[in-house]
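So the chains spell out like this:
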Amino acid sequence: MPPDLPSLLLRLVILLLLSQAEARSFVVDRQHDRFLLDGVPFRYISGSLHYFRVPRVLWADRLLKMKLSGLNAVQFYVPWNYHEPEPGIYNFNGSRDLTAFLNEAAKANLLVILRPGPYICAEWEMGGLPSWLLRNRDIHLRTSDPAFLHAVDSWFKVLLPKIYPFLYHNGGNIISIQVENEYGSYKVCDFKYMRHLAGLFRALLGDEILLFTTDGPQGLRCGSLQGLYATVDFGPADNVTRIFSLLREYEPHGPLVNSEYYTGWLDYWGQNHSTRSTPAVARGLERILKLGASVNMYMFHGGTNFGYWNGADDKGYFLPITTSYDYDAPISEAGDPTPKLFAIQNVISKFQEIPLGPLPPPSPKMKLGPLTMSLDGNLLSFLDFLCPEGPIHSVLPLTFEAVKLDRGFMLYRTYMTYTVSEPTPLWVPNNGIHDRAYVMVDGVLKGILERSLKEELYLTGKVGTRLDILLENMGRLSFGSNHSDFKGLLEPPLLGQTVLTGWMMFPLKVDKLVKWWIPLQLMKRAQPQAPSVPAFYSAKFPALGLLGDTFLYLPGWTKGQVWINGFNLGRYWTMRGPQQTLYVPRPLLFGSSINKITLLELEDVPHDPQIQFLDKPILNSTLHWGYNYLLSEPQGSYEPIELSGH
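Residues numbered from 1 in each chain as written. Predicted model: local features only at pLDDT ≥ 70, side-chain atom pairs only at ≥ 80, totals over all residues. Heavy atoms only, no water.

Caption draft 1: Focus on the overall build of the protein. The helix and strand inventory of the protein stands at 13 helices and 37 strands. The C-alpha radius of gyration computed for the protein amounts to 26 Å, which stays within 12% of the reference 26 Å derived for 646 residues, consistent with globular compactness. Seen through its C-alpha atoms, the protein measures out along the principal axes to roughly 100 × 60 × 55 Å. Relative to its 646 residues, the protein shows a buried fraction of 60%. A total of about 25,300 Å² of accessible surface is found on the protein, and carbon and sulfur atoms cover 56% of it. Looking at charge distribution, the protein has the averaged site of its 57 positive side-chain charges lying 3 Å from that of its 60 negative ones. (Helix = DSSP H or I, 4+ residues; strand = E, 2+ residues; numbered from the N terminus. Rg over C-alpha atoms; globule rule 2.2 N^0.38 Å. Buried < 20%, exposed > 50% of the residue type's maximum accessible area, 1.4 Å probe, protein only. Areas by Shrake-Rupley, 256 points an atom, 1.4 Å probe, with all protein chains shown as cover. Lys, Arg positive; Asp, Glu negative; His and termini not counted. Charge placed at Lys NZ, Arg CZ, Asp CG, Glu CD.)

Caption draft 2: Highlighting the pattern of salt bridges. Tallying each qualifying case throughout the model produces 27 salt bridges. The salt bridge involving Lys-290 is made with Glu-286; its shortest N-O contact spans 3.9 Å. In this pair, Lys-290 and Glu-286 both sit in helix H9 (residues 278-290), four residues apart, roughly one turn of the helix. On the basis of relative accessibility, which here comes to 18%, the residue Glu-286 falls in the buried class. One salt bridge in this structure joins Arg-466 and Asp-468, with 2.8 Å as the shortest N-O distance. (Salt bridge = Lys/Arg side-chain N within 4 Å of Asp/Glu carboxyl O.)

Caption draft 3: Local environment of the sheet that holds strand E36 (residues 610-614). Taking strand neighbours across the sheet as the criterion, the four strands line up as E14-E36-E31-E34 in an open arrangement whose pairing is antiparallel. Two strands close off the open sheet at either side, each with one partner strand: strand E14 (368-372) and strand E34 (581-584). Recorded for the sheet is a direction-independent mean angle of 25° between the axes of neighbouring strands. (Pairing = 2+ DSSP bridges. Axes fitted to C-alpha atoms, helices over the stretch in contact; angles between N-to-C directions.)

Caption draft 4: How the structure looks around the pairing of strand E35 (residues 594-601). For E35, the tally of buried residues reaches seven of eight residues, placing the bulk of the element in the interior. Pairing between strand E30 (residues 535-542) and E35: eight bridges, direction antiparallel. The residue of E35 that forms the bridge with Ala-535 is Glu-601. Of the strand pairs in this sheet, strand E32 (residues 560-564) and E35 are connected by five bridges, and their pairing is antiparallel. By the bridge assignment, Gly-560 is partnered in E35 with Glu-601.

Caption draft 5: The arrangement of helix H10 (residues 339-349) in detail. What H10 keeps buried is the set Lys-340, Leu-341, Ala-343, Ile-344, Gln-345, Val-347 and Ile-348. Buried residues in H10 make contact with strand E4 (45-49), helix H2 (59-68), H9 and strand E11 (294-301). (Contact = heavy atoms within 4.5 Å.)

Caption draft 6: How the structure looks around unusual backbone geometry. Following Gly-117, the chain continues to Pro-118 via a peptide bond in cis, the omega torsion being 20°. Looking at where Pro-118 falls in the secondary structure, it is placed in the loop between strand E6 (111-115) and helix H5 (146-163). With omega at 0°, the peptide bond leading from Val-533 into Pro-534 counts as cis. Inspection of the secondary structure assignment puts Pro-534 in the loop between helix H13 (518-526) and E30. Despite not being glycine, Asp-33 shows a phi value in the positive range, around 55°. Looking at where Asp-33 falls in the secondary structure, it is placed in the loop between strand E1 (26-29) and strand E2 (34-37). You can call Asp-33 partly exposed: its relative accessible area is 35%. In the Ramachandran plot, Asp-328 falls in the positive-phi region, its phi being about 55° despite a non-glycine side chain.

Caption draft 7: Broad picture of empty space enclosed by the protein. Under the definition given, this model contains five cavities of 30 Å³ or more. In this model, the second largest cavity occupies a volume close to 40 Å³. Taken together, Asn-81, Glu-84, Pro-85, Pro-130, Ser-131, Trp-132, Asp-406 and Arg-407 form the lining of the second largest cavity. Here the lining of the second largest cavity is composed, by residue class, of three nonpolar, two polar and three charged. (1 Å grid on protein atoms, 1.4 Å probe; cavity = no way out; pocket = protein on both sides within 12 Å on 5 of 7 lines; lining within 4 Å. Points joined across faces, edges and corners; volume = space filled by probe spheres on them. Nonpolar A, V, L, I, M, F, W, Y, C, P; charged D, E, K, R; others polar.)

Caption draft 8: The sheet that holds strand E18 (residues 420-427), seen in detail. Spatially, the four strands line up as an open sheet ordered E23-E18-E27-E28, and their pairing is antiparallel. Bordering the open sheet on either side are strand E23 (458-461) and strand E28 (498-499), each of which pairs with just one other strand. Inspection of the sheet shows E18 paired to strand E27 (residues 494-495) by two bridges, in the antiparallel sense. Following the sheet pairing, Leu-426 is matched in E27 by Leu-495.

Caption draft 9: Examining the pairing of strand E10 (residues 257-262) more closely. Burial runs high along E10: six of the six residues are buried. When strand E9 (residues 229-234) meets E10, the two strands line up parallel, connected through three bridges. What sits directly across from Val-232, in E10, is Asn-258. This β-α-β element, E9 to helix H8 (residues 240-248) to E10, shows right-handed connectivity. (Right-handed = clockwise from strand over helix to strand, strands pointing away.)

Caption draft 10: A look at the state of the cysteines. Counted under the stated rule, the structure contains one disulfide. Cys-121 forms no disulfide, and the closest cysteine sulfur to it belongs to Cys-222, at a distance of 17 Å. For Cys-121, a relative accessible area of 0% translates into the label buried. (Disulfide = S-S within 2.5 Å.)

Caption draft 11: Broad picture of the UniProt feature "active site" (unreviewed entry) in the protein. As annotated by UniProt and renumbered to match this structure, "active site" (unreviewed entry) occupies Glu-182 and Glu-260. Maximum C-alpha separation among the annotated residues is 10.6 Å over a sequence range of 79 residues, consistent with a single clustered spot. Structurally, Glu-182 can be placed in the loop between strand E7 (174-178) and helix H6 (191-205). Judged by relative accessible area, which is 3%, Glu-182 ranks as buried. Turning to its location among the elements, Glu-260 is positioned in strand E10. (UniProt positions renumbered as here; feature names shortened; annotations may be inferred.)

Caption draft 12: Region of the structure containing the side chain of Arg-407. By the secondary structure assignment, Arg-407 is in the loop between strand E16 (392-394) and strand E17 (409-415). For the buried Arg-407, no salt bridge exists, and the shortest N-O distance to an oppositely charged side chain is 4.2 Å, to Glu-125. Not counting chain neighbours up to four residues away, the residues in contact with Arg-407 comprise Glu-125, Tyr-308, Trp-309, Phe-400, Asn-473 and Arg-476.

Below, the structure is given as structure tokens:
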């Protein structure tokens, strides 16, 4: 062999690899109504999974199950507010590590359809937009308002360079990117805004990446834009042929795409758990695939709205979304395959090969308890620790946004300046409670006022009586309104016809207190208290030898927030339902040491304050409405509501 032959062969191999890398492409073949992947006809069968709803240690498990189900792509959003908590301060660590998730998808051999917004809906807090945008009260979200565009530009100049190396033609797995999200449902029709976004994507990502839009059938007119590939979304009950014919009015040539084929639906507090029948989902999917269309199933695995991250809808009244985002998806909230998954897999197998090997079985589940919760103390006792900086003073109450509080709770405090001998109504005009107010007189809970509900709450008191109103943000609107969703007391409360003034605002750092907990324990020993609400309760328990996910059940508890080992598991609202259990992933529990669970009960504590951990979820229950009637609807008229957006 000539001495230079090995080096010549090496050069040839390198050139071959380089030519293959250069050949990587994902394009629309309009002549034949199809996609081409590296020049070969291609159809994606994708599923939605949101990394921000799944603990990082479980990403690989969920993605593997999607691949084994027969999918060749995963679709997901990027929530801006999850990554930029304050202007110019970014967080891509831990479960926010976007590039780590892209790498996990690559390991599972899944292509990526990315939806970076800036607005995403997703039933997520404020549709993924950061609430600090509302510190400018005059901002017009999702429009060509210069203030909004400036914030978007700054964010995308950080985000898009991070994903640039992962674009398919750069050797990565991102084959397409959505611009905005169902913009046609926003009813603004600001094409200047959409053109600005398209130009921003092109400037930062180049011309090779496929950019697309997604809209419901009625949103295509305002949501589509020349130069962006239009796709549509619809569910199993819809007429596939009719909706795709509507899409053809905007994309006469090219592949048909359903970017959100609904496998289930979201849940609201106070309504039944949503389901979609497995046969209907399977039949609809088969109809789509028979037409040669590409499809993304929303959701394939829903996950959980941990903490305060759930969004809300506005359909004439306020509809906050539950902690569980199970979605009746093919992979359950706990990551288990369901009968729906196997039905979908069977349909896919008629059109393309399914990977060899069985799906992993359901993960182990555990039972524990009952455990008795002990009182740590009422919330007002810890005010110095919950708000160490002290209160903010104002003649009239300020909103969460005005005091730079994003989520959670704020306490409003004032004192009566005159004696009220006869029961007098406390009320807030113009539906100005956003979203739920726990009213206390001298530390005693007197009642609750709630957004979109009309209650009568009558108070009495002497001069100097302390009036506390604990305001809970139940999640900013993620769909269904063109209005900014400010939180807190949006109008000054009235006692009778007298405007209450002289307010102190305490933005509460509840999560920090629960995480460190030392002051709470010291006060518990120093000042034993009689039970009153809102109050903290806690219990310790070992999980030694107990390996498995579990579901926290709170029988008899009313409403509040729960933490396990300092991790904010989310809201419970046992008395309203439908969700009765909260998913507890096994990685949150300490197997070799003592675990701690903490509740902040806001309304009423059961006579026997116990909790249990179950091995099965309870997501549908009898509903219990404790308050009088809706402003716009009589009680009892609630029906499941269909929304077009995510």
